[in-house]
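Coordinates in review
Residue-level listing of the chains:
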Amino acid sequence: MTDFEYSNGELYAEQVPLARIAEQVGTPVYVYSAEAFRRRARDFRDGVAQAGRVHLAFAIKANPNLAVLRLLANEGYGADVVSGGEMARALAAGMAAKDIVFSGVGKTRAELATGLDKGIGQFNLELEEEGVVLAEIARSKGLVAPATLRVNPDVDAGTHAKISTGKAENKFGLPIDQAPDIFDRLAPLGGLNLRGVAVHIGSQLKSLDPLEKAFVRVGELVAELRGRGHTITHVDLGGGLGVRYQDGDVPPTAQEFGAMVARVTQGWDVELMFEPGRVISANAGLLVTEVLWVKPGVTNPWVVVDAAMNDLARVALYDAHHDISSVKPSGERIVANVCGPVCESSDVFAKDREIDAVKGGDLIVLHSAGAYGATMASTYNSRPLVPEVLVSGDRHAIVAGRIAAETIMDEEQVPDWL
Ligand SMILES: *Cc1c(COP(=O)(O)O)cnc(C)c1O
């Protein structure tokens, strides 16, 4: 048995019943399948292998848990990081500094300096001034910073507006038509090894078309840069591949993606870099929660669960859909709304959804929660930080403990002048 399947009427993570985990760890709790991570990591690697020489950098903002990162490091993945904190995690998980790519629109000078000290493999620059500053810091340390320019190809990713990054009006990357001149000015700077370009147009992309359009533009840019005498050895094609969240979602497979990349990048003669996040992790995890109450509603009942928008923000943030099912379904179905206890009207996981019939004390799961789930959790409403459990075969381990509201309160002080 792999991933999350029913056996004898109850839902398992690999060979471990979810009810057992809920009993031992309490709810809400994220549960991950190691095998699911591994299979998707290998799938993606096999898909892009069609394109030749590749570097894989898991976008760790999707799931930064140390155990998850260790597992992916064992699968040959480095990391795409967007903050000093993520850099520290990737290193702590055992990823080699040279396998880490530092992305992000607002890296601080301190983060750039730390990245240089640690020997980070590549800095993806978001603006010309960042390149100038990085070169300065590197020179002052007697180092050379490997870097690319992240360009904004002005392509509509066709995804939710809040996860689109590749349109001209988005804050990410520099305008692709300005890239050659900026490259001309940055490339000669001592302390900088400006070796290529990077692109990332958005997340949960359900079609390969916008990706292909962006990659074609990047290919034209590479040719133009070479025409100007620049040496281009690396092209970072970002992440963004979509996943299945519900019936009817048919995202491109890793094989289809890899075939498109191989076709578009033929003859580029560079090391291709990828930053997959969601495609590796979304369907490797779910959120287990207990039904607290079934509260009568005007049309449909409210199933009030002990997980909330602070534990899984995607629904409130992106109107995302997560499939919902019972850990031990009775066979009966109802139409209901599913919500958390947080005092916000957006703390609703599903409206007018047909789900397994439930009563107080039952366990349900929100599927496809392995990406942008626990990592976005907060303590809003002074709720504890949600724990995470990793399952492998018949074993499981708490890989992030529940951080109590009291622990967070310990960091607060009431000044003595009050
Ligand atoms: C978020 C992000 C990714 C990962 O996106 P997914 O959709 O999870 O694959 C990759 N690269 C950059 C620069 C990002 O910001």
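Residues numbered from 1 in each chain as written. Predicted model: local features only at pLDDT ≥ 70, side-chain atom pairs only at ≥ 80, totals over all residues. Heavy atoms only, no water.

Quick reminder of the rule: UniProt positions are given in the numbering used here, feature names are shortened, and annotations may be inferred rather than shown by experiment.
Going by an unreviewed UniProt entry, the protein carries the name Diaminopimelate decarboxylase and comes from Sphingomonas rustica. Taken from UniProt, the Sequence similarities (unreviewed entry) comment for the protein reads in full: "Belongs to the Orn/Lys/Arg decarboxylase class-II family. LysA subfamily." Of the comments in the UniProt record for the protein, the one headed Cofactor (unreviewed entry) reads "pyridoxal 5'-phosphate".

**Notes on the overall build of the protein**
The criterion, for reference: The way it works is that DSSP assigns letters per residue, a run of H or I at least four long becomes a helix, a run of E at least two long becomes a strand, and they are numbered from the N terminus. The reference for a compact globule is 2.2 Å times residues^0.38; the radius of gyration itself is calculated from the C-alpha atoms. Using a 1.4 Å probe on the protein chains alone, a residue whose accessible area is under 20% of its type maximum counts as buried, one over 50% counts as exposed, and one in between counts as partly exposed. For accessible areas, the Shrake-Rupley method is used with a probe of radius 1.4 Å. Any residue's cover is judged against the shown protein chains and nothing else.
The number of helices and strands found in the protein is twelve helices and 21 strands. For a compact globule of 418 residues, the expected C-alpha radius of gyration is about 22 Å, and the protein comes in at 23 Å, within 12% of that figure. Counting over 418 residues, the protein shows a buried share of 56%. About 17700 Å² of surface is accessible on the protein, with carbon and sulfur atoms providing 49% of the total.

**Considerations on the site of the ligand**
Where we set the bar: Note on terminology: near, applied to a residue and a molecule or strand, indicates that one of the residue's heavy atoms is within 4 Å of it. Pairing of N or O atoms within 3.5 Å defines a polar contact, subject to two protein rules: one partner must be a possible hydrogen donor and the other a possible acceptor, and residues neighboring in sequence count only if both atoms are side-chain atoms. Residue type decides the class: Asp, Glu, Lys and Arg count as charged, Ala, Val, Leu, Ile, Met, Phe, Trp, Tyr, Cys and Pro as nonpolar, and the leftover types, Gly among them, as polar.
As a matter of local geometry, the ligand sits amid 13 residues, with Lys61, Ser203, Glu275, Arg278 and Tyr372 nearest to it. Contact distances for the ligand include 2.8 Å between an oxygen atom and a backbone N or O atom of Gly240. One nitrogen or oxygen atom from the side chain of Glu275 is found 2.5 Å from a nitrogen atom belonging to the ligand. Relative to its unbound accessible area of 390 Å², the ligand is 94% covered by the protein chains. Classifying every residue of the shell around the ligand by side-chain character gives three nonpolar, five polar and five charged.

**Side note on the UniProt feature "domain: Orn/DAP/Arg decarboxylase 2 C-terminal" (unreviewed entry) in the protein**
Per the UniProt entry, the sites bearing "domain: Orn/DAP/Arg decarboxylase 2 C-terminal" (unreviewed entry) are residues 30–370 in this numbering. With 30% helix and 24% strand, residues 30–370 has its two end C-alpha atoms placed 8 Å apart.

**Notes on the pairing of strand E20 (residues 388–392)**
Filter applied, for reference: Should DSSP find at least two bridges between two strands, the strands are taken to pair.
Of all five residues that make up E20, four are buried, and the element is covered over most of its length. Note that strand E4 (residues 29–33) and E20 share four bridges and pair parallel. Counted as the bridge partner of Tyr30 is Glu388 from E20. Relative to strand E21 (residues 395–400), E20 is paired through five bridges, and the arrangement is antiparallel. Paired with Val389 across the two strands is Ile398, which belongs to E21. Following E20, the chain reverses through two residues before pairing antiparallel with E21; Gly393 in that reversal takes a positive phi of roughly 65 degrees.

**Here's the deal with unusual backbone geometry**
At the junction of Thr27 and Pro28, the peptide bond is cis and its omega measures out at -5 degrees in the coordinates. Topologically, Pro28 is positioned in the loop between helix H1 (18–25) and E4. For Asp154, which is not glycine, the phi torsion reads 55 degrees and is therefore positive. With respect to the helices, strands and loops of the structure, Asp154 is situated in the loop between strand E9 (145–152) and strand E10 (174–175).

**Description of the UniProt feature "binding site: substrate" (unreviewed entry) in the protein**
Going by this rule: A contact between two residues is defined here by any heavy atoms of the two lying within 4.5 Å.
UniProt annotation of "binding site: substrate" (unreviewed entry) refers to Arg278, Arg314, Tyr318, Glu344 and Tyr372 when read in the numbering used here. Maximum C-alpha separation among the annotated residues is 26.8 Å over a sequence range of 95 residues, too wide for a single clustered spot. Topologically, Tyr318 is positioned in helix H11 (residues 314–318). When near neighbours in sequence (up to four residues on either side) are disregarded, Tyr318 contacts His160, Lys162, Ile163 and Met376. Relative to the helices and strands, Tyr372 is located in the loop between strand E19 (363–366) and E20. We classify Tyr372 as buried; its relative accessible area is 8%. Not counting residues within four places of it along the chain, the set of residues in contact with Tyr372 comprises Lys61, Ala62, Ser203, Arg278, Leu312 and Arg314.

**Re the sheet that holds strand E2 (residues 10–13)**
Strand order in the open sheet formed by three strands is E1-E2-E3, with antiparallel pairing between adjacent strands. Each edge of the sheet is formed by a strand with only one pairing partner; in this case those strands are strand E1 (4–7) and strand E3 (16–17). Looking at chain direction, E1 and E2 are connected through four bridges and run antiparallel. Directly across from Glu5, in E2, lies its bridge partner Tyr12.

**Side note on the domain arrangement of the protein**
Stated precisely, the cut-off is as follows: What marks off one domain from the next here is an automatic or database domain assignment. Simply put, the buried area is the total loss of 1.4 Å probe accessible area from both parts when two parts are fitted together. By convention in these notes, a salt bridge is any Lys or Arg side-chain nitrogen within 4 Å of a carboxyl oxygen on Asp or Glu.
Domain assignment breaks the protein into domain 1 (4–32 + 282–409) and domain 2 (34–278). Opposite the 24 residues of domain 1 that make contact, domain 2 presents 23 residues. Summed over both partners, the interface of domain 1 with domain 2 buries about 2000 Å², with 52% contributed by carbon and sulfur atoms. Summed over the three residues of domain 1 that lose the most area to domain 2, namely Asn283, Tyr318 and Tyr372, the buried surface amounts to 28% of that side. Arg244 is the salt-bridge partner of Asp323, the closest N and O atoms lying 3.6 Å from each other. Counting across the domain 1 and domain 2 interface gives 13 residue pairs in polar contact (both at pLDDT 80 or more). Elements that contribute at least two residues to the side of domain 1 that touches domain 2 include exactly H11, E20 and E21. With four residues, the single largest contributor to the side of domain 1 that touches domain 2 is E20.

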